[in-house]
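# Inside the fold
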Amino acid sequence: MLLQGRYLAVGMNAGAYWCGIALYAVDGAGGAPEFQGFVYNDVGGPGPIYGDNVCFLAGNQTIDDPILSYQNAYPGPPKVVLVYPSIAQIIGGAARSGGFGGLYPGLGNLAGWAACQVPVIEYGYPASLGNNLLVQYGYNGNVGFFLPDGQGGTNHYLYFSRGDMAANASAGVNANTELLNVIGPACPGGAMVKIAMGAVSYDALAGAHFAGNAATSFAGTLPMYSIDNANWVDGDGAAQVPFADEYSYISTGRPGGTDVYGGQPSLTPVAGADLWLVTFLKVGRSDSRDNLGNAGLWDTVRVFAYAGGTATQLGAPVSGAAYDAAADWPGYGTPPAGAQWADRNAVACPWGGEILVFGNMYGSAVGSYPLPAGAQYCTRFGTLGVAAAQLADLFVGLPAAPFDLSVAANRALFRSAAVGAQYAGSDGSLPLGQAPPVFLTVSPGAGVADFATNHGGGGAFALAGTILPASSNPPGSSRDVAIAGGGDTPPGADPKIMLDWSDDGARTWSARRLWRSMGRQGAYLTRLRWLKMGQARQRVLRLQVTDPVRRNLIGFYLDTDAGMD
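Bear in mind the structure is a predicted one, so any value in this text is a computation, not a measurement. (Residues numbered from 1 in each chain as written. Predicted model: local features only at pLDDT ≥ 70, side-chain atom pairs only at ≥ 80, totals over all residues. Heavy atoms only, no water.)

A few words now on the packing of helix 2 (residues 162-169) against helix 3 (residues 177-186). The geometry of helix 2 relative to helix 3 is characterised by a closest axis approach of 9 Å and an angle of 135 degrees between their N-to-C directions. Between helix 2 and helix 3, the angle falls in the class oblique. The handedness of the crossing between helix 2 and helix 3 comes out as left-handed. Here M165, N168 and A169 of helix 2 come into contact with helix 3, specifically with L179, L180, I183 and G184. Grouping the constituent residues of the contact of helix 2 with helix 3 by class yields 5 nonpolar, 2 polar and no charged. (Axes fitted to C-alpha atoms, helices over the stretch in contact; angles between N-to-C directions. Helix = DSSP H or I, 4+ residues; strand = E, 2+ residues; numbered from the N terminus. Parallel < 35°, antiparallel > 145°, perpendicular 65-115°, else oblique. Left-handed = near helix turned anticlockwise from the far one by under 90°. Contact = heavy atoms within 4.5 Å. Nonpolar A, V, L, I, M, F, W, Y, C, P; charged D, E, K, R; others polar.)

Okay, the sheet that holds strand 24 (residues 496-502) next. Taken together, 3 strands build an open sheet; the order of strands is 25-24-26 and the sheet is antiparallel. The open sheet has two edge strands with one neighbour each: strand 25 (514-517) and strand 26 (540-544). Across the sheet, the mean angle from the axis of one strand to that of its neighbour is 25 degrees, orientation sign disregarded. Sheet analysis places strand 24 next to strand 26, joined by 5 bridges and oriented antiparallel. Residue pairing across strands places M498 opposite Q544, the latter belonging to strand 26. (Pairing = 2+ DSSP bridges.)

The subject of this paragraph is a nonpolar patch on the surface. A cluster of nonpolar residues, F461, L463 and I467, forms a patch on the protein surface that exposes about 220 Å² of accessible area. By the element assignment, F461 lies in the loop between strand 23 (438-440) and strand 24. By relative accessible area, which is 35% here, F461 ends up partly exposed. (Patch = residues over 30% accessible without salt bridge, like charges linked within 9 Å, V, L, I, M, F, W, Y side chains within 5 Å. Areas by Shrake-Rupley, 256 points an atom, 1.4 Å probe, with all protein chains shown as cover. Salt bridge = Lys/Arg side-chain N within 4 Å of Asp/Glu carboxyl O. Buried < 20%, exposed > 50% of the residue type's maximum accessible area, 1.4 Å probe, protein only.)

Moving on to the side chain of S161. Within the element layout of this structure, S161 appears in strand 9 (residues 154-161). Exposure remark for S161: the relative accessible area of 0% places this residue in the buried category.

Once that is clear, we can look at unusual backbone geometry. Of note, the amide linkage connecting V241 to P242 takes the cis form, showing an omega dihedral of 10 degrees. By the element assignment, P242 lies in the loop between strand 13 (232-233) and strand 14 (266-269). Not every positive phi belongs to a glycine, and Q61 is a case in point at roughly 60 degrees. Looking at the secondary structure, you find Q61 in the loop between strand 4 (53-57) and strand 5 (66-71). Unlike most non-glycine residues, A127 shows phi in positive territory, near 55 degrees. Positionally, A127 belongs in the loop between strand 7 (120-124) and strand 8 (145-148). Relative accessible area serves as the criterion here: at 31%, A127 is assigned to the partly exposed category.

With that settled, consider helix 3. When we look at burial in helix 3, the residues that qualify are E178, L179, I183 and G184. Around the axis of helix 3, the buried residues are gathered within 125 degrees of arc, so they sit on the same side. Those residues of helix 3 that are exposed and aimed more than 90 degrees away from the buried face are N181 and P185. Two to three positions downstream of the cap, the backbone nitrogen of E178 sits 3.1 Å from a side-chain oxygen, assigning the N-cap of helix 3 to N176. (Arc of directions from axis to C-beta. Polar contact = N/O pair within 3.5 Å; in protein donor to acceptor, adjacent residues only side chain to side chain.)

With that settled, consider the pattern of salt bridges. Taken as a whole, this structure holds 4 salt bridges when the rule is applied. In this structure, R302 and D245 form a salt bridge, with 2.9 Å as the shortest nitrogen-oxygen distance. Highlighted residues: R302 in strand 16 (residues 296-307) and D245 in the loop between strand 13 and strand 14, separated in sequence by 57 residues. What makes D245 buried here is its relative accessible area of 17%. Note that R289 is salt-bridged to D290, the shortest N-O span being 2.7 Å. Look at R289 and you get partly exposed, because its relative accessible area is 29%.

Bringing the packing of aromatic side chains into the picture now. Across all of its chains, the model carries 19 aromatic pairs by this definition. Taken together, a centroid distance of 5.7 Å and an interplanar angle of 70 degrees make the contact between Y159 and F280 edge-to-face. Of this pair, Y159 sits in strand 9 while F280 sits in strand 15 (residues 276-283), and the two are 121 residues apart along the sequence. Considered together, Y159 and F280 belong to a single accessibility category, that of buried residues. When the ring of F395 is compared with that of F439, the centres are 6.2 Å apart and the planes differ by 70 degrees; the resulting orientation is edge-to-face. On the criterion of sequence distance, the pair formed by F395 in strand 22 (residues 394-396) and F439 in strand 23 is long-range, its members being 44 residues apart. Owing to a relative accessible area of 23%, F395 belongs among the partly exposed residues under this scheme. The exposure class assigned to F439 is buried, which follows from its relative accessible area of 2%. Connected via pairs of aromatic rings, a cluster forms that spans F145, Y157, Y159, W232, F243, Y261, F280, F304 and Y306. (Phe/Tyr/Trp six-rings, centres within 6.5 Å; stacked < 30°, edge-to-face > 60°.)

Our focus in this paragraph is the sheet that holds strand 12 (residues 226-227). Paired through backbone hydrogen bonds, the strands of a sheet run either parallel or antiparallel to each other. The strand order 8-9-10-12 describes an open sheet built from 4 strands, whose pairing is antiparallel. Looking at the sheet topology across the chains shown, the edges are occupied by strand 8 and strand 12. Summarising the sheet, strand 8 and strand 9 pair through 4 bridges and their orientation is antiparallel. Note on strand 9: the bridge partner recorded for F146 is H156. In the packing of helix 2 onto the sheet, the strands contacted are strand 9 and strand 10 (190-198), and the crossing angle to strand 9 comes to about 70 degrees.

As structure tokens, this is what we get:
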């Protein structure tokens, strides 16, 4: 599913070989998906490719970004990433309506191409990472997913569980040498591998490698990977990968078994924000066999909020019963003694405050498993305590008279000309002349945790859950109005400095404005620090001081790590 479920990209195959993708539009009202186009890539290379044809979007994951197909081959050929035209290109005629007989225009000599063949862009993996990529049997082993890097490019992630490391350690000639010799010894409990692909353009790749000739594929190499465990954290900043609850029973909480989180999480974009919910699922196969007599199954999920290369876990892991065989499946028969379920396609998604789990339980002994073999199950359990949205300010007021927000002048008290949040004052009293009972905001110079403090007049209260910093869309309020000093604090007694940045050559500037105190008058040794500033290919930094003080800034340094092209 692509673009929040509006489109469906389906892998089409002939025998063991994948031949391309078919694109469908989903109306969201329960009607049949409508066929949009077919892109054919079975051209004698880079195959043979077989396995799961999982599709994603590159870049910022819009209708104009290329479709990426992650081919899951086992064990011989390497895993590859295929780059297809965008949804807009397919709908607009890259593969003509009806799907057959269409050719992508403008790529030079097409005379040798069969009907509807579109160039295949093959990426080989660095350091033999894609060869014999063995994963633990019985779990969702479709290792690999794609998310925006926050700069218009694409990060490719591969999660390897503790079970994946163990499987390669004992696989002999079938082992992946990179997991066996490098990643496994360094991260035996599991690793999140990141490959920074940068900008991915179908037109640029096709134009550079196919124009003027009859070639239909080429082999490229992805950039070198890095271990990204440190960027998958909880609300306190502690790394969560490797997942500490792998190889433990879900229903009892005791150590034991070999249950792990699958390598294919669900990716749920949050509408109107630059956040993705990344949901990992642990299926209790060993737990079912050892503690539940294979008559039921428990699952655990972890949900992360991802933005621009950093993922923060939302609350604690959530566990619950996925199914009860006697209640859910008439005619159910338990697996043979010592056998386990296999659930290689299970995935969990946040939905309406709950966790929706889809699975496909099956086994090799037909008749000893649910009938028909390979029965599907779907379940809801637990709650997801998260308001997945971006907020500039939260204002809950009790005006003395009805306050009509359909009146433009009333809306202007809260919404700026840039369609962002209007500055409401330190206690929210500017719009209505008095502080509202509840006013949540981040004060100038404060960190994101300040949003949990009620600045209104209704008293203190505690917010539960995780609050994440994110760029505002629409822009958040900024402290750009003159505030008169009062009492014994003259203007400029505690001056502030603001940092923002541009990643497009100073044409536009970040919505986030990071305020710091320059030190009160007489504090001559103040040091200013801005941490965790993210990643960029080129960045212009801007410092602004509006207080009526002299600006003497002595010495700057920037601590950076080199990235990848």
